[in-house]
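This is what each chain is made of:
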Amino acid sequence: MNNLNGLKILILFLLAFGLQVSVASWLSIFGISPDLVIIFVVTVSIKFGPAAGCFWGFMAGFTQDVYQPIEWLGANTIALTILGFVVGQLEEKLLTLNTPAKVGVLALGFFVTDMIYYGITGLSRDIITNLFLTKSVPECAYTLFIGSIVFYLDRGKKKRHA
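Residues numbered from 1 in each chain as written. Predicted model: local features only at pLDDT ≥ 70, side-chain atom pairs only at ≥ 80, totals over all residues. Heavy atoms only, no water.

Quick look at unusual backbone geometry
Part 1 of the argument: We note that Phe 30 has phi near 55 degrees; this positive angle belongs to a residue other than glycine.
Part 2 of the argument: One can find Phe 30 in the loop between α1 (3–22) and α2 (36–48).
Part 3 of the argument: When its relative accessible area of 84% is taken as the criterion, Phe 30 is described as exposed. (Helix = DSSP H or I, 4+ residues; strand = E, 2+ residues; numbered from the N terminus. Buried < 20%, exposed > 50% of the residue type's maximum accessible area, 1.4 Å probe, protein only.)

Concerning the packing of aromatic side chains
Part 1 of the argument: Counting across every chain of the model gives 10 aromatic pairs.
Part 2 of the argument: Seen in terms of ring centroids, Phe 111 and Phe 132 are 5.3 Å apart; in terms of plane orientation they differ by 45 degrees. Their pairing is tilted. With Phe 111 in helix α5 (residues 99–121) and Phe 132 in helix α6 (residues 125–154), this residue pair connects regions lying 21 residues apart in the sequence.
Part 3 of the argument: Through pairs of rings, three or more aromatic residues link up here, namely Phe 13, Phe 17, Phe 40, Phe 55, Trp 56 and Tyr 67. (Phe/Tyr/Trp six-rings, centres within 6.5 Å; stacked < 30°, edge-to-face > 60°.)

Description of the nonpolar core
Part 1 of the argument: Among the nonpolar cores identified, the biggest contains 31 residues, and Ile 38, Phe 40, Val 42, Val 44, Trp 56, Leu 83 and Leu 106 are the most heavily contacted of them.
Part 2 of the argument: Among the elements of the structure, α1, α2, α3 (50–67), α4 (75–93), α5 and α6 are those that each provide at least two residues to this core.
Part 3 of the argument: Considering every element that reaches this core, the biggest residue donor is α2, with 10 residues.
Part 4 of the argument: Excluding residues that lie within four positions of it along the chain, Trp 56 makes contacts with Gly 6, Ile 9, Leu 10, Phe 13, Phe 40, Val 41 and Val 44. (Core = buried A, V, L, I, M, F, W, Y, C linked by side-chain atoms within 4.5 Å. Contact = heavy atoms within 4.5 Å.)

Side note on α1
Part 1 of the argument: With 20 residues, α1 extends 28 Å between its outermost C-alpha atoms, agreeing within 8% with the 28 Å of an ideal straight helix rising 1.5 Å per residue.
Part 2 of the argument: Those residues of α1 that fall on the buried side of the exposure criterion are Asn 5, Ile 9, Phe 13, Ala 16, Phe 17 and Gln 20. Looking straight down α1, one finds that the buried residues subtend no more than 100 degrees of arc, so they occupy a single side. Among the exposed residues of α1, those oriented more than 90 degrees off its buried face are Asn 3, Leu 4 and Leu 14.
Part 3 of the argument: Buried residues along α1 sit against α2 and α3. (Expected span 1.5 Å × (residues − 1). Arc of directions from axis to C-beta.)

Observations regarding the pattern of salt bridges
Part 1 of the argument: On inspection of all chains with the given rule, the structure shows 2 salt bridges.
Part 2 of the argument: The partner of Asp 154 in a salt bridge is Lys 47, with the nearest N and O atoms 3.4 Å apart. Of this pair, Asp 154 sits in helix α6 while Lys 47 sits in helix α2, and the two are 107 residues apart along the sequence. You'll find Asp 154 and Lys 47 in the same group, each marked buried. (Salt bridge = Lys/Arg side-chain N within 4 Å of Asp/Glu carboxyl O.)

What follows is the structure, encoded as structure tokens:
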């Protein structure tokens, strides 16, 4: 990845994180808001592969862990790093993903990230089930809607590898 691509990704990261902590709450519908950071990690992983996905997943997760006042420091870092690696591997192994396939990967990635996060935090099965049904499923639907728009707008751009 050249310096210009690195700078573009850094700007996109800052934009995604900035929008997540500021604008996403305004986009909230019944307390559910899209996860722009996961869209960012999936997009970078698809375009630049597993190494970039791991790096930016780590950066995004670490930034979320430091920013959010939670007891489980590191849970987002682990979940998003794994997401970046797995999505990058999928893109490498399957060669290219069309827009519907990218949305499917985003959905799977969203649920896997949430399950890893919930598993790391040590919540009981009842609480995880409740969070999954009341928080994860609606947030995933909203994230998929926003992600579909991002993937649609990005569909004409060529894939660049590191």
